[in-house]
Amino acid sequence: MVKALALFSGGLDSALAVKIVLDQGVQVEALYFVNAFLPARHNTEMGRRAGQLGAKLHVLDISQPHLELVRSPRYGYGGNMNPCIDCRIFMLKKAKAYMQSHRFHFLISGEVLGQRPMSQRKDTLNIIERDAGVKGLLLRPLSAKKLAPTLAEEKGWVDRDKLFDFSGRSRKPQLALSKKLGIKEYLAPAGGCLLTEVEFARKLRDLIASGKLDLDGVRLLKAGRHFRLKSLARIIVGRNEEENKYLLGLACDADILFKMRDFAGPLTLARPVRVETSEEFATLVETAARLTARYSKGKDRESAWVDYWPKDAEDEKKSVLVTPAGEGLIEELRI
Ligand code: SF4
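Owing to the predicted nature of the structure, the values given are computational and were not obtained by experimental measurement. (Residues numbered from 1 in each chain as written. Predicted model: local features only at pLDDT ≥ 70, side-chain atom pairs only at ≥ 80, totals over all residues. Heavy atoms only, no water.)

**Student:** Before we go on, may I ask you to explain the sheet that holds strand β2 (residues 27–34) in this structure?
**Tutor:** The strands making up a sheet are joined through hydrogen bonds of the backbone, oriented either antiparallel or parallel. Spatial strand order, β3-β2-β1-β4-β5: five strands in an open sheet with parallel pairing. Looking along the sheet, the strands with just one partner apiece sit at the ends: β3 (56–61) and β5 (138–139). Sheet analysis places strand β4 (residues 106–108) next to β5, joined by two bridges and oriented parallel. Bridged to I108 within β5 is L139. (Pairing = 2+ DSSP bridges. Helix = DSSP H or I, 4+ residues; strand = E, 2+ residues; numbered from the N terminus.)

**Student:** Is there a simple way to think about the pattern of salt bridges in this case?
**Tutor:** Opposite charge on two side chains lets them pair, provided their charged atoms get close. With the rule as written, the count across this model stands at 25 salt bridges. Linking R130 and D131 is a salt bridge whose minimum nitrogen-to-oxygen distance equals 2.9 Å. Through salt bridges with shared partners, one network takes in R88, E111, E129, K135 and R140. (Salt bridge = Lys/Arg side-chain N within 4 Å of Asp/Glu carboxyl O.)

**Student:** Please explain the pairing of β2 as it appears in this structure.
**Tutor:** Each regular strand carries side chains that alternate between the two faces of the sheet. Counting buried residues in β2 gives seven out of eight residues, a clear majority hidden from the surface. Where strand β1 (residues 3–7) meets β2, five bridges bridge the pair, whose relative direction is parallel. Of the residues in β2, the one forming a bridge with A6 is A30. Crossover β1 to β2 through helix α1 (residues 12–22) is right-handed. The pairing of β2 with β3 spans six bridges and is parallel. Looking at the pairing, L31 lines up with H58 of β3. (Buried < 20%, exposed > 50% of the residue type's maximum accessible area, 1.4 Å probe, protein only. Right-handed = clockwise from strand over helix to strand, strands pointing away.)

**Student:** Got a minute to help me understand the pairing of strand β8 (residues 256–260) in this structure?
**Tutor:** For β8, the buried fraction is high: four of the five residues fall into the buried class. As defined by bridge partners, β8 adjoins strand β9 (residues 268–272) across three bridges and the pair is classed as antiparallel. Opposite F258, over in β9, you have T268 as the bridge partner. In this structure, β8 lies alongside strand β10 (residues 304–310), joined through five bridges in antiparallel fashion. The partner of K259 across the bridge, within β10, is D307.

**Student:** Would you mind showing me how to read the packing of helix α3 (residues 63–71) against helix α4 (residues 84–101) here?
**Tutor:** Helix-helix packing: each pair is described by the crossing angle between the helix axes and the interaxial distance. Interaxial distance between α3 and α4 falls to 10 Å at its minimum, and their mutual angle equals 150°. Classified by the angle between their axes, α3 and α4 sit roughly antiparallel to one another. The handedness of the crossing between α3 and α4 comes out as right-handed. For the pair formed by α3 and α4, the contact residues are P65, H66 and L69 on the first element and D86, C87 and F90 on the second. Its residues assigned to classes, the contact of α3 with α4 shows four nonpolar, one polar and one charged. (Axes fitted to C-alpha atoms, helices over the stretch in contact; angles between N-to-C directions. Parallel < 35°, antiparallel > 145°, perpendicular 65-115°, else oblique. Left-handed = near helix turned anticlockwise from the far one by under 90°. Contact = heavy atoms within 4.5 Å. Nonpolar A, V, L, I, M, F, W, Y, C, P; charged D, E, K, R; others polar.)

Take a look at the structure:
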């Protein structure tokens, strides 16, 4: 039986691509790539989403190599920090290797010609195919009639007449087709990739500039309000109980933690980058304590006590009396 491997993001386009080819009697299985910039909850949802379509799910974790690609993409970034062309090339290379080792006959993706300004123009679709080495192997069922026939069509594994000619930014044709095919659940376009978000991109640029881009650093970007204290430290203030717990779980031994002594308030994590003198350490403690107080129930007090301790030595807890940070300091330090 002819088998196809579909790049699957859980979004509408990839779901449609799977369904269109399945409905032609081809056995389709879905391949989902995990990277550090996708919401963790997606990973658990994908099996169910693929199952609803009638496709078995395969998962590949590309978090570490994907991070290297985000640091310096050959084809640059899209609107924010999303290196979509490099990302697609990388995923397709991996998919091709997986296809060959697991005896699939061809690949499928849900790309639509002209839908995204950077990665889905005709010239970039060609570059992606060429650089990934998948020319002829990759069928894009939603735009197939606007593209050259692929192996799957030439061999008669799929009927080109039953494929589509979608193009452009409107999603109306996909929405209409989803109704016809009975696809009700899908993720928003870009699949929740944090690299496409303005605020996240700003924090990521700061992390790269600090020279500390690693998976642990990226995880920290996903929670809290972020502040940069010159080249001394990054300070992260939790926004709710869930984020407080998340930050605590990610704290490493060199981190300093802060909490209000007499008021309800956030957990603050200060991650020193280059604190060499006792004056620099005092500046770090005072600033992080002032930010902690600013987001606590004691924010309108003239002064308040804040506890702080090294992550690896809670018994060394100390307290400092500070004035809650004002708007000026917040604006100056906010990333
Ligand atoms: S949106 Fe994110 S995951 Fe999707 S191709 Fe672009 S960089 Fe990759």
